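These are the residues of each chain, in order.
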Amino acid sequence: MRVQSLVVALVLVLLWVSHGTVANGQSSGLVRVTPLGSHTGELCRNDRALLFEDPTGVRILYDPGRTVDETDRRLGDVHVMLLSHAHTDHIGDVRPNPGAGSCAAPAAGAANSNTNFASIAAVKNAAVLAPGELSGYLSRKILNIRGSAPAACAEGGLDNIFDVPLSAPCASALRPGGSRTARRGGAPTGVRIAAVPAFHSNGVPAALVDAPGEAPGLSGYGGSEGGFVITFTNGLVAYLTGDTGMFGDMETIISRYYHPTLVVLNMSDTVTLGPNEAIYMMKSLIRPRSVMPSHVNEEATSGGAIRPGTRVELFWLFVRDYVDVVVPVSDLTRSFDGSGRCGGCR
Ligand SMILES: [Zn+2]
Ligand SMILES: [Zn+2]
């Protein structure tokens, strides 16, 4: 009888331990999103870069722009890099100058004619995915840096899977309707990255075109600009709009087909949709659980709080009742579960 009691107690202890393990496994099933901007704790004019980390360890850098280069210690491993388009504030024509200038007007570092994007990809052995003709352009920039051109990224099976980490960079185009899957070696599933349209422009700035260059006043042909939909292994679906205006397919395709639960919404106005259009998007086109206002081209926060009179405040005031507005202040890692809920954000 005593032995039986001991066995029962042992089984209960084992159940408790295994339950704890399961619980820990679930709590680690979060996607971590870290904004890499110009000023720690703030959302500033030049901030574009976001680093995503899937629960399986796949790390994806999106639009590094002018606030991150290959020397930045915040990066760590980078397995995949996504570029929405070639404009300077996304591809990075100048190096960061940490701490210099203000949040409203960050100071630039030295020019980088090979771009911060390619410099990071070359050092980190990243898989580069970019719309249209940009993958060829970025391959040339990586060749400039490494002395050899990157191979095309692998595309195994029906999900176009490639495994990371890589031992050398690769580069491939991803055009609207297409997708590729990045899988951490040994993981049963991977992160699916789909390309979706954006409506903007994609000229390669003349200063970033190698010899023989462009005629004065013209930019290089970069093909189509784009956005991305990333489906993480915990179920989170993130729609990265890129620079764009509103278009009907935000509802008919991106919302109804992909069902994003998190939107990273570029909303600087004048060159992209503005806060009023962003409000309409959230009310009528896409209804995510959470939204990160990005590409705001203003000093959106002070001490990490939204500043009055900003585009971000206007947006937040009108959408806060039905979507969680997560302000992507630099260097603060946010964690999202499979439903798009940000843990500890409210
Ligand atoms: Zn742009
Ligand atoms: Zn832009």
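Residues numbered from 1 in each chain as written. Chains lettered and ligands numbered in written order. Predicted model: local features only at pLDDT ≥ 70, side-chain atom pairs only at ≥ 80, totals over all residues. Heavy atoms only, no water.

## Looking at unusual backbone geometry
Phase 1: Following V164, the chain continues to P165 via a peptide bond in cis, the omega torsion being 5°.
Phase 2: With respect to the helices and strands, the residue P165 is situated in the loop between β6 (161-164) and β7 (170-173).
Phase 3: The omega torsion of the bond from A211 to P212 falls at 10°, within 30 degrees of zero and hence cis.
Phase 4: Not every positive phi belongs to a glycine, and D63 is a case in point at roughly 45°. (Helix = DSSP H or I, 4+ residues; strand = E, 2+ residues; numbered from the N terminus.)

## Overview of the coordination of the zinc ion (ligand 1)
Phase 1: Distances from the zinc ion (ligand 1) to its protein donors, H85 (NE2), H87 (ND1), H200 (NE2) and D243 (OD), fall at 2.2 to 2.5 Å.
Phase 2: Taken together, the four donor atoms surrounding the zinc ion (ligand 1) define angles of 87 to 176° at the centre, an arrangement classified as irregular.
Phase 3: Separating the zinc ion (ligand 1) from the zinc ion (ligand 2) is a gap of 3.4 Å, which D243 spans by donating to each of them. A residue pair is termed long-range when its members are at least 10 positions apart, and H87 in the loop between β4 (80-82) and α2 (88-91) and H200 in the loop between β9 (191-197) and β10 (226-231) qualify at 113 residues.
Phase 4: What makes H87 buried here is its relative accessible area of 19%. (Donors = N, O, S within 2.8 Å, 3.2 Å for Na, K, Ca; no water. Tetrahedral: all angles 85-135°; square planar, octahedral: opposite > 155°, others 65-115°. Buried < 20%, exposed > 50% of the residue type's maximum accessible area, 1.4 Å probe, protein only.)

## Description of the coordination of the zinc ion (ligand 2)
Phase 1: Binding of the zinc ion (ligand 2) to the protein goes through D89 (OD), H90 (NE2), D243 (OD) and H295 (NE2), at separations of 2.1 to 2.2 Å.
Phase 2: Coordination geometry of the zinc ion (ligand 2): the four donor atoms subtend angles of 88 to 174° at the metal centre, consistent with an arrangement described as irregular.
Phase 3: Spacing between the donor residues of the zinc ion (ligand 2) along their common chain follows D-H-x152-D-x51-H.

## Overview of empty space enclosed by the protein
Phase 1: A full pass over the atoms with the stated rule returns two cavities of 30 Å³ or more.
Phase 2: Roughly 50 Å³ of volume is contained in the largest cavity.
Phase 3: Considering the residues around the largest cavity, the lining is formed by P35, L36, G37, L43, D47, R48, A49, L50, S294, P328 and S330.
Phase 4: Counted by class, the lining of the largest cavity contains six nonpolar, three polar and two charged residues.
Phase 5: Roughly 40 Å³ of internal volume is contained in the second largest cavity.
Phase 6: What lines the second largest cavity is simply P131, L174, P176, A195, V196, E225, G226, G227 and F228.
Phase 7: Elements supplying a minimum of two residues to the lining of the second largest cavity: β9 and β10.
Phase 8: Counting residues per element, the lining of the second largest cavity draws most heavily on β10, at three residues.
Phase 9: Split by residue class, the lining of the second largest cavity holds six nonpolar, two polar and one charged. (1 Å grid on protein atoms, 1.4 Å probe; cavity = no way out; pocket = protein on both sides within 12 Å on 5 of 7 lines; lining within 4 Å. Points joined across faces, edges and corners; volume = space filled by probe spheres on them. Nonpolar A, V, L, I, M, F, W, Y, C, P; charged D, E, K, R; others polar.)

## Things to note about the sheet that holds strand β16 (residues 324-325)
Phase 1: Read from one edge to the other, the open sheet built from eight strands follows the order β6-β8-β9-β10-β11-β12-β13-β16, with strand pairing classed as mixed. The open sheet has two free edges, formed respectively by β6 and β16, since each of these has just one partner strand.
Phase 2: For strand β13 (residues 290-294) and β16, the ladder comprises two bridges, and the chain directions are parallel. The residue bridging S290 from the neighbouring strand is D324, located in β16. (Pairing = 2+ DSSP bridges.)

## A word on the environment of T272
Phase 1: Considering the arrangement of structural elements, one finds T272 in the loop between β12 (262-266) and α6 (275-285).
Phase 2: Along the sequence, T272 and G242 sit 30 residues apart, while their C-alpha atoms lie 9.0 Å from each other.
Phase 3: Leave out the neighbours within four places in its chain, and T272 touches H200, D243, T244, N266, M267 and H295. (Contact = heavy atoms within 4.5 Å.)

## Structural notes on the pattern of salt bridges
Phase 1: Evaluation of the coordinates by the stated rule reveals 14 salt bridges.
Phase 2: With a closest N to O distance of 3.0 Å, R48 and D89 form a salt bridge. Here R48, found in the loop between β1 (31-35) and β2 (50-53), pairs with D89, found in helix α2; they are 41 residues apart in sequence, far enough to count as distant. Each member of the pair, R48 as well as D89, carries the same accessibility label: buried.
Phase 3: A salt bridge links R74 to D331; the nearest nitrogen and oxygen atoms lie 2.8 Å apart. Separated by 257 residues along the polypeptide, R74 in the loop between β3 (59-62) and β4 and D331 in the loop between β16 and β17 (334-336) bring together distant segments of the chain.
Phase 4: Here D331 falls in the partly exposed class, since its relative accessible area comes to 28%.
Phase 5: A network of salt bridges, in which partner residues are shared, links D69, E70 and R95. (Salt bridge = Lys/Arg side-chain N within 4 Å of Asp/Glu carboxyl O.)

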